[in-house]
Amino acid sequence: MKWKGPEAVSAASQKPDGKLLSGDVTHYVIPDWKVVQDYLEILEFPELKGIIFMQTACQAVQHQRGRRQYNKLRNLLKDARHDCILFANEFQQYCYLPRERGESMEKWQTRSIYNAAVWYYHHCQDRMPIIMVTEDEEAVQHYGSETEGVFVISFKNYLDNFWPDLKAAHELCDSILQSRRERENESQESHRKEYPEHLPLEVLEAGIKSGRYTQGILNVNKHRAQIEAFVRLQGASSKDSGLVSDILIHGMKARNRSIHGDMVVVELLPKSEWKGRTAALCENDSDDKATGESPSEPMPTGRVVGILQKNWRDYVVTFPSKEEVQSQGKNAQKILVTPWDYRIPKIRISTQQAEALQDFRVIVRIDSWESTSVYPNGHFVRVLGRIGDLEGEIATILVENSISVAPFSEAQMCKMPVNTPENPWKVSPEEEQKRRDLRKTHLVFSIDPKGCEDVDDTLSVRTLSNGNLELGVHIADVTHFVAPDSYIDIEAKTRATTYYLADRRYDMLPSILSADLCSLLGGVDRYAVSVMWELDKTSYEIKKVWYGRTIIRSAYKLFYEAAQELLDGNFSIVDDIPEFRDLDEKSRQAKLEELVWAIGKLTDIAHHVRAKRDLCGALELEGVEVRIQLDEKKNIQDLIPQQPLEVHETVAECMILANHWVAKKIWESFPHQALLRQHPPPHQEFFSELRECAKAKGFFIDTRSNKTLADSLDNANDPNDPIVNRLLRSMATQAMSNALYFSTGSCAEEEFHHYGLALDKYTHFTSPIRRYADIIVHRLLMAAISKDKKMEIQENLFSNKDLEELCRHINNRNRAAQHSQKQSTELFQCMYFKDKDQETEERSISDGVIYSIRTNGVLVFIPRFGIKGAAYLKNKDGLVISCGPDSRCEWKPGSLQRFQNKITSTTTEGESVTFHLFDHVTVRVSVQASRCHSDTIRLEIMSNTPYMMPETELFHQSPLLLKNDLVKEVTRSVEEAQLAQEDKVNVIQEDYQKYCQTKGRSLYILLEEIRDLALLDVSNSHGI
């Protein structure tokens, strides 16, 4: 091969569109397998360039460090910001070395990597020095001077000589080395076993096959992390831990060094040793031990005998305070740090920085957990931010959910189209030839929340020459701008979704696409992918459907309220619609009539479509109740309380219809590799609490099918208390399984059904700006159209296996998005209430509704703030709640008696008070502060009567309006604190730059009551 510089080298192992090594490096680095395993986080430093990962080293990581570490390595190789490539040395004729008889796997791996390094050096015509870094001292001695131009040195030596000023890398390297030394010393010194050894893999696999052992995911109960964990069997729902299909793992010994999320193998204990889960409320494990409550019915109980796959990740931890360090014993360099996540055990790390880091949130990684050690061993990675600071806490939430949101790189952005006043984007003549042009033939318009800038979808309806109607749904053509396997596609796939937090969002795509060229804004030409149906003029039955790429120009960018006013015949709203302002009266009248007809006809069609789904049992769960109003900087100006509008359902039904028909189309064309969305029916056991609660109010909830459930919920209305129906629907939501993406090749057709929407096939097609699943569906649809036309399929479609893996990733990222938005909301709630004087602050006292009874307290919902939490009726001192003649509550000696739908507190003096399901009580909201974990909202019952709001308060304000004030007030407080402490603000600003992309509120908060169901996607403005 002719020498052409570094590009020629990378071409040996990369596709033409793959990554190329930089041409401005002085040498290439080839890490040995052990270096890749132990020092991957240092190899992730962008300063380290020209790294060649050998296939042999990557496979060692895959087999010995598990899927998560392997995926980190794969993502590093794909990331355009990192100058590294993969070389498939075992598939290169002159690099492959067979393993010799008696040679250990480790020695063969090192020999193979060195041999490939030598070949690479000669492939570069001996012009580019190669440095192989290894942890094998024998290899350094053996190979160090064997080949001129190929240097073999230790990784520590490499950092010292080539990167002496890269302080963070040196600190991380020292931390990893120290952790390893501690491990080696410990294994030599300690002979006492704290835990049983794990069984060998072949024994585990044979036991699973024979039925002696069971495998599943370990799920630790965060409220009793030291005592209770459950193994979720694969395929069983994860909504309720009390099912027979789950196995209780009681205590740390039985857990045998497995960590929350690990794939474990369990042996069932004899029935005589089975235990039950505790039904008491508790704040942490010490409380749980103190309650002495009797557990529930015994359930299958087991012990972990082995781990099939570790799910270790980065953990945010807090160092002990100075006093705690001193109490930890003589060797203060070994520190027990406490993870932010209650479900993770304390981690022992070796560091001399404990005192300096005690006020910070810090990231650590676990290295090992030997059978001789009570705690896992790990090492320090980096500092996140100061405890209690808003940016540090937001960064914690992101890390804990494995969300990486670094700004889009230069390599990614340089491929993006340009749209500036000097160089405006326009439709290309080639695309005009290929697409159906709707700009002059169709009245296309969008209906979105006020201020929405990322408009995914537009609608059209018109009368055809034969008298029938044509309904059109036009979706942003994101895939025109995002080519498969391009840098921006790889980044979007990694993110999988736009992440919405309480005060900001992190976009899946750069704003040039999401807010500009892919946004179907009014009055500009845009590319779209359209679905258009011909409907019978009277029955609205679908006669035919057309799918294809189009060019549109949206005539109107309407907001929901304006569309509703036009639908209701209130035409004065036209003054608020910009497109009508500069028209003369005659044109205005004609265009108004045309638009009003279109909105009215769309609504009629939507009613027809909805009625058909209702007949099949479509569920109506919690819906949007407010309008969001944004300013030009995308900060929320106002949240205006309202009843759900008819036009909301109109848009939603059109989107559901498009998703349904696209699902049918891609499945028909690609029955074994289409991406659909399933929503399995829930287990009947999950509805028991819902049925019992409804019964307490005299309602019967029939859960035999989605149809009977929907009808029962519609009938369960208490005319005196609308909160009852809201809570029942929320309970129904909690009982549901999550809707999930799947590949049609991995499921039987009868499992495709979407329970909540009552459709046989469903997918996500209508929000490609915000969801990567929709991008895949667009590509499938384009391939299906090409197939119909007998054209060559341009799209490189995923196989069933690859699509199934992608679906797992997207489902995982969606869960992370839901958890992070929930945690960020809770963070703002706690920061809002934290500084309030609980005795004098009126907003700390509120009305609450009891929605669940436990053995030592009740669960309460506060409509005003949308908060749910526990209120104890028995405190830590064993005193119970008592209410005097004025209904005020106080603590007295006594006992509690729990019944099905009520709980009675009786004092030793004979006074008693009973709390029933759905009773309104007065509660005080305060914050339970925690140094190591997130703060939590604490509720205390002040009176057993409803809270009477003082006249001084604006009683007409909605709970979400107050929640918006909450975010504003917290943000303002943080900014004031930062201004007051300018010398301390650098860390916060650096973290802000690193983590924050789009400042401003999002729509997600409006869908809070339905987020766990995941039928209505939180990132979708129409919620479908």
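Residues numbered from 1 in each chain as written. Predicted model: local features only at pLDDT ≥ 70, side-chain atom pairs only at ≥ 80, totals over all residues. Heavy atoms only, no water.

Trainee: Sorry, what's going on with the nonpolar core here?
Mentor: Across soluble globular proteins, nonpolar side chains show a tendency to be buried alongside one another. By size, the foremost hydrophobic cluster in this structure holds 95 residues, and its most contacted members are Phe-445, Trp-533, Leu-558, Leu-675, Phe-765 and Leu-781. Looking at this core element by element, the count peaks at 11 residues for helix α24 (residues 772–788). Discounting residues that sit within four places of it in the chain, Leu-675 has contacts with Ile-666, Tyr-741, Phe-742, Thr-763, Ala-773, Ile-776, Val-777, Leu-780, Leu-803 and Cys-807. Formed by 80 residues, the second largest nonpolar core is a distinct cluster that contains Leu-77, Ala-117, Leu-398 and Met-831. (Core = buried A, V, L, I, M, F, W, Y, C linked by side-chain atoms within 4.5 Å. Buried < 20%, exposed > 50% of the residue type's maximum accessible area, 1.4 Å probe, protein only. Helix = DSSP H or I, 4+ residues; strand = E, 2+ residues; numbered from the N terminus. Contact = heavy atoms within 4.5 Å.)

Trainee: Where do I start with the pairing of strand β8 (residues 246–250) in this structure?
Mentor: On a regular strand, each side chain points to the face opposite its neighbour's, so the side chains alternate between the two faces of the sheet. Of all 5 residues that make up β8, 4 are buried, and the element is covered over most of its length. Pairing analysis gives 5 bridges linking strand β7 (residues 228–233) to β8, with the strands arranged antiparallel. Across the sheet, residue Glu-228 finds its bridge partner in β8, namely His-250. Alignment of β8 against strand β10 (residues 301–309), held across 2 bridges, turns out to be parallel. Bridging from a neighbouring strand, Leu-248 pairs with Thr-301 of β10. (Pairing = 2+ DSSP bridges.)

Trainee: What exactly am I supposed to notice about the side chain of Ser-519 here?
Mentor: Tracing the chain through its elements places Ser-519 in the loop between α17 (511–517) and β22 (525–535). Every residue in contact with Ser-519, bar those within four places of it in the chain, is listed here: Glu-453, Asp-454, Val-455, Leu-513, Ser-514, Arg-526 and Ile-769.

Trainee: Just to check I follow, could you spell out the sheet that holds strand β23 (residues 542–553) for this structure?
Mentor: Hydrogen bonds between backbone atoms are what pair the strands of a sheet, whose relative direction is either parallel or antiparallel. Read from one edge of the open sheet, 7 strands run β16-β23-β22-β19-β18-β17-β24, paired in mixed fashion. Each of the sheet's edge strands pairs with one partner strand only, and the pair in question is β16 (436–437) and β24 (556–559). Across the sheet, helix α18 (residues 560–567) lies against β17 (444–448) and β24, angled at about 90° from β24, the strand it touches most. (Axes fitted to C-alpha atoms, helices over the stretch in contact; angles between N-to-C directions.)

Trainee: Teacher, can you tell me more about the sheet that holds strand β11 (residues 315–318) here?
Mentor: A barrel is described by the order of its strands in space; here 5 strands give the closed sequence β11-β12-β13-β15-β14, paired in mixed fashion. Each strand of the sheet is rotated relative to its neighbour by a mean of 55°, with strand direction disregarded. The sheet contact formed by β11 and strand β12 (residues 334–339) spans 2 bridges and is antiparallel. Across the sheet, residue Thr-318 finds its bridge partner in β12, namely Thr-338.

Trainee: How should the confidence of the model for the protein be read in this particular structure?
Mentor: Regions with low pLDDT carry predicted coordinates that are not meant to be interpreted in detail. Mean pLDDT over the protein: 81, with 82% of residues reaching 70 or higher. The model gives residues 235–243 a pLDDT under 50, and that stretch makes 25 contacts with residues more than four places away or in other chains. Confidence over residues 623–631 falls short of pLDDT 50; this stretch has 41 contacts with residues more than four positions distant or in other chains. (pLDDT = per-residue confidence, 0-100.)

Trainee: Quick question: what am I supposed to make of the packing of α18 against helix α19 (residues 585–616) here?
Mentor: For any two helices packed against each other, one specifies the crossing angle of their axes together with the interaxial distance. For the pair α18 and α19, the least separation of the axes is 9 Å and the interaxial angle reads 95°. Taken together, the axes of α18 and α19 are roughly perpendicular relative to one another. Counted together, Ala-563, Leu-566 and Leu-567 of α18 and Leu-592, Leu-595, Val-596, Ile-599, Gly-600 and Thr-603 of α19 form the full contact between these two elements. (Parallel < 35°, antiparallel > 145°, perpendicular 65-115°, else oblique.)

Trainee: Would you mind showing me how to read the pairing of strand β35 (residues 912–916) here?
Mentor: Covered by surrounding structure in β35 are Val-913 and Phe-915 only, the residues Ser-912, Thr-914 and His-916 on the alternate face being uncovered. Across 5 bridges, strand β34 (residues 902–907) lies against β35 in antiparallel orientation. Residue Ser-905 lies in a different strand from β35, and its bridge partner there is Val-913. As consecutive antiparallel partners, β34 and β35 are separated by 4 residues, and within that stretch Gly-910 has a phi angle of approximately 95°, a positive value.

Trainee: Sorry if this is basic, but what is going on with the pattern of salt bridges here?
Mentor: Pairing between side chains becomes possible if they bear opposite charge and their charged atoms approach one another. Under the criterion given, the structure shown has 53 salt bridges. In this structure, Arg-439 and Glu-432 form a salt bridge, with 2.8 Å as the shortest nitrogen-oxygen distance. In this structure Arg-439 comes out as buried when scored by relative accessible area, which is 17%. A single network of salt bridges, built from pairs that share partners, joins Glu-41, Glu-44, Lys-72, Asp-314 and Arg-365. (Salt bridge = Lys/Arg side-chain N within 4 Å of Asp/Glu carboxyl O.)

Trainee: Help me out: how do you make sense of unusual backbone geometry in this one?
Mentor: Trans peptide bonds make up the majority, and among non-glycine residues the majority have a negative phi. The phi torsion at Arg-257 lies on the positive side, around 70°, for a residue other than glycine. In this fold, Arg-257 is placed in the loop between α9 (252–255) and β9 (263–268). Phi is positive for Lys-790, which is not a glycine, with a value near 60°. Summarising the element assignment, Lys-790 is placed in the loop between α24 and α25 (800–834).

Trainee: What is the right way to look at the packing of aromatic side chains in this model?
Mentor: Ring pairs (aromatic) are described by centroid distance and by the angle formed between their planes. Counted by the stated rule, this structure contains 13 aromatic pairs. Ring geometry for Phe-87 and Trp-119: centres 5.5 Å apart, planes at 5°, overall stacked. One end of the pair, Phe-87, is in strand β3 (residues 84–87); the other, Trp-119, is in helix α4 (residues 105–123), with 32 residues separating them in the sequence. Owing to a relative accessible area of 2%, Phe-87 belongs among the buried residues under this scheme. Look at Tyr-195 and Trp-369: their rings are 5.6 Å apart centre to centre, the planes differ by 85°, and that puts the pair in the edge-to-face class. Here Tyr-195 is found in the loop between α7 (167–189) and α8 (201–210), whereas its partner Trp-369 is found in the loop between β14 (360–368) and β15 (377–386), with 174 residues between them in sequence. (Phe/Tyr/Trp six-rings, centres within 6.5 Å; stacked < 30°, edge-to-face > 60°.)

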